[in-house]
Amino acid sequence: MKPDDFSFFSKWLKDRTGLVLGTDKMYLVESRLTPLLRKWNMGSFDSMVASLRKGDEAVMREVSDAMMTHESFFYRDIKPFELFRNTVLPRLLAARAAKRTLRIWSAACSTGQEPYTLAMILREEAAKLAGWKVEITATDIAREIIDRARAGMYTQFEVQRGLPIQMLMKYFKQQGDKWQISADIRGMVQFREFNLLQDPRTLGTFDVVFCRNVLIYFDQTTKGGVLNRIARAMEPDGFLYLGGAETVIGICDAFAPLPGERGVYGLVGKQGASAVPFKQAAIA
Amino acid sequence: MKTCLVVDDSKVIRMVARRILEGLNFSIAEAADGQKAVEACEKQMPDAVLLDWNMPVMSGIDFLRKLRTMRGGERPVVVFCTTENDMAHITEAIGAGANEYIMKPFDSDIIQAKFSQVGLL
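Note the cis peptide between B:Lys104 and B:Pro105, where omega equals 5 degrees. With respect to the helices, strands and loops of the structure, B:Pro105 is situated in the loop between β5 (100-103) and α5 (108-117). Backbone geometry places A:Ser110, a non-glycine residue, at a positive phi of 55 degrees. Of note, B:Val57 is a non-glycine position whose phi angle comes to about 70 degrees, a positive value. Topologically, B:Val57 is positioned in the loop between β3 (48-51) and α3 (60-69). The exposed category is assigned to B:Val57, whose relative accessible area is 70%.

Written out as structure tokens, the structure reads:
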């Protein structure tokens, strides 16, 4: 890709998706987009960039989808999900006892492992949730990835990265050389196409937001914008999960880390389910 | 340092598993079939067993059943690692007392993930 095309491309991609590319990422762009060149019988990146400059939506969509990183696995890092099951969920069950509704958002859900992990955890806790309306909304910017997530079909490799064997036995069926998560679990998750640069209030208001391992791809300004928009789409005493290498500190004043656990945040100055430090609550 | 007995009739698989598990700070012993694994456990019960299914002399599932009746044999965490990758075999293995199940081919990420899940890391 020529330097001026790369400059155009990186600005276009950031404006559309928030993804930041340094000039050292030229190899990444070429390796991700070469399959599309072949698919469209384009001889060079010049033609592709020309289509982007013209605003060809079909090309823009496939190119931006191809540039996204879709690495995900079940029970990723395990601890956030243990915390969700053992601490966050009981607190929300107490705080929402009158309303008996729970809304969870898995933002940038990739191929669905995160929302399905949450759905399996909630299914395991079904006795406590009898009579509750529980919604898991899972979003991703890439349409093809959302379709894959919705199908809930995984390779042998994918079901072995983090998924306990008991969960595989309980919630998956073997389909040839793939494994499909049960219709029951699939039915607990609503998948939607959504760009984190948009206003998430169109999705409603959430008690828990998982936005893990996404902000790492954005610059500081974009991170702040995403976090501020998420804050406006959360219940005042809701919980935000970020990835292990991500933080709100120095980026967004709306959230503060919840003492006692890494990676979980509450809205600043709010009272309720997220107001008591986790370790203090555990001792009490 | 935790100990892991790698049981597989393939020398190559034992070597690959040894390399991965030594990288995870395990001390490794090896056995080429279920009978040799029983003898190894009689001498010293390991903390973990990485276990193939199809082997000469004694299969992995027969070894597992024998292990769980041995003195101290309830203690090792047993992770199957086999090309038997269907639900019937998985169910049989878990029913016989296996703690986790790896479907070959495997890599270091899968070994690490599975050993973490069962509290070995």
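Here the narrative resumes.
Bringing the domain arrangement of chain A into the picture now. It is common to report an interface's size as the accessible area lost on association of the parts. All names here are of chain A. Each assigned domain of chain A is listed here: domain 1 (3-67) and domain 2 (79-283). Between domain 1 and domain 2, the contact holds nine residues from the first and eleven residues from the second. Summed over both sides, the interface between domain 1 and domain 2 buries roughly 790 Å², with carbon and sulfur atoms accounting for 50% of that surface. Between the two partners, domain 1 and domain 2, sit two salt bridges. For Glu-193, the salt bridge goes to Arg-61, with nearest N and O atoms at 2.6 Å. Linking domain 1 with domain 2 are five residue pairs in polar contact (both at pLDDT 80 or more), by the criterion used here. Elements with a contribution of two residues or more to the side of domain 1 that touches domain 2: α1 (3-17) and α4 (57-67).

Moving on, we get to the nonpolar core. Residue and element names in this part refer to chain A. Core analysis: the biggest nonpolar cluster contains 70 residues, and Phe-84, Met-120 and Phe-172 have the highest contact counts within it. At seven residues, the largest contribution of residues to this core is made by helix α5 (residues 79-95). Excluding residues within four positions of it along the chain, Phe-84 makes contact with Leu-89, Pro-90, Ile-104, Leu-118, Ile-121, Leu-122, Val-208, Phe-210 and Tyr-241. Of all hydrophobic cores here, the second largest spans 25 residues; its members include Phe-9, Leu-28, Leu-33 and Ile-145.

Moving on, we come to the interface of chain A and chain B. Contacts between the two partners involve 15 residues from chain A, matched on the other side by 19 residues from chain B. Per-residue buried area on chain A facing chain B is highest for A:Gln160, A:Ile165 and A:Met169; these three make up 44% of the total on that side. Counting across the interface, chain A meets chain B through one salt bridge. For B:Asp109, the salt bridge goes to A:Arg161, with nearest N and O atoms at 3.9 Å.

In this section: the sheet that holds strand β5 (residues 178-181) of chain A. Each strand in a sheet pairs with its neighbour through backbone hydrogen bonds, running either in the same direction (parallel) or in the opposite one (antiparallel). All names here are of chain A. What the three strands build is an open sheet, ordered β3-β5-β4; its pairing is antiparallel. Both outer strands of the open sheet, β3 (153-155) and β4 (172-175), are each paired with one neighbouring strand and no more. The average undirected angle you get between the axes of adjacent strands in this sheet is 35 degrees. Pairing of β4 with β5 involves four bridges; the strand directions are antiparallel. Bridging from a neighbouring strand, Lys-173 pairs with Gln-180 of β5.

What counts and how
- Throughout, residues of each chain are indexed from 1 in the direction in which the sequence is written.
- Written order determines the labels here, with chains lettered from A and ligands numbered from 1.
- The predicted origin of the model limits local features to residues at a pLDDT of at least 70 and limits the giving and counting of side-chain atom pairs to 80 or more, whereas totals for whole chains, interfaces and linings rest on all residues.
- Neither water nor hydrogens contribute to the side-chain values; these are computed over all heavy atoms in the structure.
- Each helix is a run of DSSP H or I of at least 4 residues and each strand a run of E of at least 2, with the numbering of both proceeding from the N terminus.
- Exposure is judged per residue with a 1.4 Å probe applied to protein chains only, and the accessible area is read against the type maximum: over 50% gives exposed, under 20% gives buried, and values in between give partly exposed.
- Each domain span listed reflects an automatic or database assignment of domains.
- We call two residues contacting when some pair of their heavy atoms lies within 4.5 Å.
- The quantity reported as buried area is the accessible area (1.4 Å probe) lost by two parts once they are put together, taken as the sum for both.
- Take a side-chain nitrogen of Lys or Arg and a carboxyl oxygen of Asp or Glu: if they are within 4 Å of each other, that pair is a salt bridge.
- We define a polar contact as two N or O atoms separated by no more than 3.5 Å, with the added condition that, inside protein, one atom must be a possible hydrogen donor and the other a possible acceptor, whereas residues neighbouring each other in sequence contribute only through side-chain atom pairs.
- Here, nonpolar core refers to any group of buried Ala, Val, Leu, Ile, Met, Phe, Trp, Tyr and Cys residues whose side-chain atoms link them within 4.5 Å.
- Here, strands pair whenever DSSP counts at least two bridges between them.
- Each axis is a line fitted through C-alpha atoms, taken for helices only over the stretch in contact, and angles between the N-to-C directions span 0 to 180 degrees.

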